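Chain by chain, the residues:
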Amino acid sequence: EPEVTQTPSHQVTQMGQEVILRCVPISNHLYFYWYRQILGQKVEFLVSFYNNEISEKSEIFDDQFSVERPDGSNFTLKIRSTKLEDSAMYFCASRMELTGGSPLHFGNGTRLTVT
Amino acid sequence: GENVEQHPSTLSVQEGDSAVIKCTYSDSASNYFPWYKQELGKRPQLIIDIRSNVGEKKDQRIAVTLNKTAKHFSLHITETQPEDSAVYFCAASRGSARQLTFGSGTQLTVLP
């Protein structure tokens, strides 16, 4: 079964540094997402991406965040200047279609630790 | 925006018993309700979903019911097994929206 893959699995960075989290969505999927989960809390929506542009973003997704699909397979999340409170598990997800409730498939996540 | 409330936050059952987790949602336009199982340190995995044109859906030991009028939906796990122990999240989305709103999760522990 095809899977969403994410790299790295764990990223440690110092406060103020830039990080790029990488994702390869399932190949025939059209909609891409980033979610985050602070330890012990619920999964929170960050941003959705379709047709090479952001479709929706949450209030969490402020100016220090950006997303990009640099080629036909990768989907990246960049945090420009990390803060301690950015420490969380970041999940990439993708789905094939929007209408009809096509299932959302999550990657295994990148655990970001900001020190 | 959508708000999803989930109860209980923790649930312990004896192996073989049933477990029920309940969620309510606020946006009457929501029409897709998936349930995810998340084991410690792993990704959420879809276990069952239901759309608003259906009242109940079953897959082996797992069933989900939806009451659109009351805006609540429930997950039922029968004949629980220790491997069912995990955190379960409900979620809701609108067909025209592009995000899932998750509940706060239920830590299910199945005692052998």
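See the structure shown above.
Residues numbered from 1 in each chain as written. Chains lettered and ligands numbered in written order. Predicted model: local features only at pLDDT ≥ 70, side-chain atom pairs only at ≥ 80, totals over all residues. Heavy atoms only, no water.

*Asks:* Help me understand the pattern of salt bridges in this model?
*Replies:* In a structure, side chains of opposite charge can pair up when their charged atoms sit close to one another. All names here are of chain B. This model, assessed by the stated rule, comprises 8 salt bridges over all chains. In this structure, E39 engages K37 in a salt bridge whose closest nitrogen and oxygen atoms are separated by 3.7 Å. Assessed through its relative accessible area of 32%, E39 is described here as partly exposed. The class for K37 is buried, based on a relative accessible area of 17%. A salt bridge links E39 to K42; the nearest nitrogen and oxygen atoms lie 3.9 Å apart. (Salt bridge = Lys/Arg side-chain N within 4 Å of Asp/Glu carboxyl O. Buried < 20%, exposed > 50% of the residue type's maximum accessible area, 1.4 Å probe, protein only.)

*Asks:* Help me out: how do you make sense of the sheet that holds strand 1 (residues 4-7) of chain B in this one?
*Replies:* What holds strands together in a sheet is hydrogen bonding between their backbones, with the strands either parallel or antiparallel. Residues and elements named next belong to chain B. Ordered in space as 1-3-8-7-6, the 5 strands form an open sheet in which the pairing is antiparallel. With partners counted over all chains shown, the strands left at the sheet margins are strand 1 and strand 6 (56-59), one partner each. Strand-to-strand, the axes of this sheet are offset by a mean angle of 15°, without reference to chain direction. With 6 bridges connecting them, strand 3 (residues 19-25) and strand 8 (residues 72-77) associate as antiparallel partners. Residue A19 lies in a different strand from strand 8, and its bridge partner there is I77. (Pairing = 2+ DSSP bridges. Helix = DSSP H or I, 4+ residues; strand = E, 2+ residues; numbered from the N terminus. Axes fitted to C-alpha atoms, helices over the stretch in contact; angles between N-to-C directions.)

*Asks:* Can you help me understand the sheet that holds strand 7 (residues 65-68) of chain A in this one?
*Replies:* All names here are of chain A. Pairing within the open sheet is antiparallel, and its 4 strands lie in the order 1-3-8-7. The two strands at the open ends of the sheet, each matched to only one other strand, are strand 1 (5-7) and strand 7. Each strand of the sheet is rotated relative to its neighbour by a mean of 20°, with strand direction disregarded. Pairing of strand 7 with strand 8 (residues 75-79), which is carried by 4 bridges, proceeds in the antiparallel orientation. Bridging across to strand 8, F65 finds its partner in I79.

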